[in-house]
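One letter stands for each residue in the lines below.
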Amino acid sequence: MEASINAIKSTSGFGRRVSPVARCNIHMIKRNNYLKFRFDSCSIQRAASSRIESLFQSSIRAQAFEGEVDNVAPPRIQVTSSGSVLPYVGFACIGAILFGYHIGVVNGALTYLAKDLGVADNTELQGWVVSSLLAAAAIGSFTGGSLADKFGRTKTLILDAIPLTIGAFLCCIARSIETMILGRLLVGVGIGVSSTIVPLYISEISPAEKRGVFGSINQLCICIGLLAALVAGLPLAQNPLWWRTMFGIAVIPSIFLALGMAFSPESPCWLYQQGRTYEVEESIKRLFGKERVGEVMRDLNTARQGSGGDEATWFDLFSSRYWKVVSVGGGLYLLQQFGGINAIFYYSTSVFNSAGVKSDVAASALVGSANVLGTIVASWLMDKQGRKRLLLTSFAGMAASMLILSLSFTWKALAPYSGTLAVLGTLLYVLSFSLGAGPVPALLLPEIFASRIRAKAVALSLGMHWISNFVIGFYFLSVVNKFGISTVYLGFASVCLLAVMYIADNVVETKGRSLEETQHALAPGI
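This section reports on the structure supplied with the text. (Residues numbered from 1 in each chain as written. Predicted model: local features only at pLDDT ≥ 70, side-chain atom pairs only at ≥ 80, totals over all residues. Heavy atoms only, no water.)

A count of helical and extended segments in the chain gives 21 helices and two strands. A total of 526 residues make up the chain; the buried ones form 52% of that total. By sequence separation, contacts in the chain at least 24 residues apart represent 79% of the contacts at least 6 residues apart. (Helix = DSSP H or I, 4+ residues; strand = E, 2+ residues; numbered from the N terminus. Buried < 20%, exposed > 50% of the residue type's maximum accessible area, 1.4 Å probe, protein only. Contact = heavy atoms within 4.5 Å.)

The subject of this paragraph is the state of the cysteines. Considering all chains together, one arrives at zero disulfides under this definition. As a non-bridged cysteine, C172 has C171 as the owner of its nearest cysteine sulfur, 8.8 Å distant. (Disulfide = S-S within 2.5 Å.)

For the rest of this paragraph, the subject is helix α9 (residues 251-262). Taking 1.5 Å of rise per residue, the 12 residues of α9 would be expected to cover 16 Å, and the 17 Å separating its terminal C-alpha atoms lies within 8% of that figure. Looking at α9, one finds that the buried residues are V251, S254, L257, A258, G260 and M261. Tucked into the core, α9 has its buried residues touching α2 (86-92), α3 (94-116), α5 (153-173), α6 (177-205) and α8 (242-248). (Expected span 1.5 Å × (residues − 1).)

With the rule as written, the count across this model stands at five aromatic pairs. Look at F99 and W466: their rings are 5.2 Å apart centre to centre, the planes differ by 45°, and that puts the pair in the tilted class. Placement of F99 in helix α3 and of W466 in helix α19 (residues 454-483) is noted, with a sequence separation of 367 residues between them. Overall, W466 belongs to the buried group, its relative accessible area being 0%. Considering the side-chain rings of F142 and W314, the 6.2 Å spacing of their centres and the 70° angle between planes classify their relative orientation as edge-to-face. Taken together, the positions of F142 in helix α4 (residues 123-151) and W314 in the loop between α12 (293-307) and α13 (323-338) put the pair 172 residues apart, joining distant regions of the chain. Over the face of the ring belonging to F151 we find K150, whose NZ or CZ atom lies 5.7 Å from the ring centre. The lysine or arginine in question, R292, covers the ring of F288, its NZ or CZ lying 5.8 Å from the ring centre. (Phe/Tyr/Trp six-rings, centres within 6.5 Å; stacked < 30°, edge-to-face > 60°. Lys NZ or Arg CZ within 6 Å of the ring centre and 35° of its normal.)

Further remarks concern the pattern of salt bridges. Tallied over the full model, the rule gives 13 salt bridges. Between R153 and D149 there is a salt bridge, with its nearest N and O atoms 3.6 Å apart. Each member of the pair R153 and D149 is classed as buried. Of the charged contacts, one joins E279 and R276 as a salt bridge, the two residues approaching to 2.9 Å between their closest N and O atoms. Accessibility expressed as a relative area gives 30% for R276, which makes it partly exposed. When salt bridges that share partners are traced, they join D149, R153, E204, R454 and K456 into one network. (Salt bridge = Lys/Arg side-chain N within 4 Å of Asp/Glu carboxyl O.)

Another aspect to go through is the packing of α4 against α6. The relative placement of two packed helices is expressed as an angle between their axes plus a distance between the axes. Where α4 meets α6, the closest approach of the two axes is 6 Å, and the angle between their N-to-C directions is 40°. Here α4 and α6 pass one another in a crossing that is right-handed. Here the contact of α4 with α6 is built from residues that sort into 18 nonpolar, seven polar and one charged. (Axes fitted to C-alpha atoms, helices over the stretch in contact; angles between N-to-C directions. Left-handed = near helix turned anticlockwise from the far one by under 90°. Nonpolar A, V, L, I, M, F, W, Y, C, P; charged D, E, K, R; others polar.)

What follows is about the nonpolar core. Ranked by internal contacts, the top residues of the largest apolar core, which has 126 residues, are M180, F395 and I453. Among the elements that make up this core, the one with the highest residue count is α6 (12 residues). If we skip the residues at most four places from it in the chain, M180 touches L113, L117, V129, C171, A174, W243 and F247. (Core = buried A, V, L, I, M, F, W, Y, C linked by side-chain atoms within 4.5 Å.)

We now examine the environment of I205. Mapping I205 onto the fold places it in helix α6. Ignoring sequence-local partners within four residues, the contact set of I205 consists of V85, Y88, V89, S267, P268, L287 and F288.

Moving on to the environment of L498. Along the chain, L498 falls in helix α20 (residues 485-506). In this structure the C-alpha to C-alpha distance between L498 and F395, which are 103 residues apart in sequence, comes to 9.0 Å.

Here we take up a nonpolar patch on the surface. A surface patch of nonpolar side chains, about 700 Å² in accessible area, is lined by L334, F338, I467, V471, F474, Y475, V479 and F483. Among the elements of the structure, α13 and α19 are those that each provide at least two residues to the nonpolar patch. Take the nonpolar patch: its biggest share by element is six residues, from α19. In this fold, V471 is placed in helix α19. (Patch = residues over 30% accessible without salt bridge, like charges linked within 9 Å, V, L, I, M, F, W, Y side chains within 5 Å. Areas by Shrake-Rupley, 256 points an atom, 1.4 Å probe, with all protein chains shown as cover.)

Structure below.
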């Protein structure tokens, strides 16, 4: 659609001929998902224009409020950009790689470090080596939101490199279990901050037409980090002290994270909130090119007018104005974790062993490869099929996979094929998870949160992720011992089906729209 139309047919779109005496130039301007008609030198038509604008705006906002953002407006006009976003996405995603690496590195190293530190017979202390990171990550997630609002996204990630570096170094040189746990606590704070800020920063610097692809890179890098931890553990069988090197090498990417973010532009959204107009324009030029400065500035101005301006407090997240959309963020992460992803990773080795795959490394490699493959496919589909459709497909596939796993353990008719079915169910589950439930929440949430609450709302959502992760890890084995793995898998399948219904009713589609357009559409009456 042309941005401006100076000539029109003799018959208007409202069934009335336009008198040549009026001599009005009619302009159709696309602004924030509605059409605004401007009549020059004609007071009567100007009044009609105001009414038309109001009707279009009210209609669109009503649709958005009902969760139909995908039908609000036609696609945005794309402008060729001379800027470059990808290098800065790459720098930020070093934090995502460290996230995956530190989650996975302890799995292979735990037995060896426990022997070296003299706690081989103390399963409780071994459990703290694992779970201390998860508890600290919840604290880091909440802290990250406040730091990002105060210091900006890039400076927060630079600061985040400090606990990541010191924590990895302490784990490497630890001579006691207390030092090891302290190192894991510091690393946990670091990955808690990065898990919040990395997807937030990527969403705010990515153009709408590529945000799905760039946002998926975050999840892909988490998967790469997990695989890197697996590969790093291969020499352990020949060198039991290799576990120290596994923790120590994480210092290097932590330093690169700080260096990369030092050269990366700050988020234009955050700079605009701080009133630093000149720096906003410079950041936009580096990211999108000078051709899009005007367009992005107009979007930011519209978002500022709709969001209320001042920085939000934590209490604002629970106000009637924002609670509905904030609850979607926390709800998605709760459903993700209670959908059984940790159970799959905990039990994948034993499942593959029952099917004749005796190598733990081979079992982990198969699961990790399925995770990476699904995430690559998701990154390709994200801006084609949309976030909501991928979420629905993902949780439906997870529910079917959990049902297969549950039946393979209990249905006697399937006993001859139980091992094969268990492997297929596990791989199908991981593929389904990586198609939507894994990558979409971290991408979707910064898109639907208003700019003034975005950092804190993402932090709250990720905090729910880490808390539920900790709870599941702490109680999972006792629940399995009490009810049996088949019943637990059936419960996970029920949660996944509940997720499908919840997403269908509460999640909106955001593909192809700027953060500012989505925010404006989700703010009826503002």
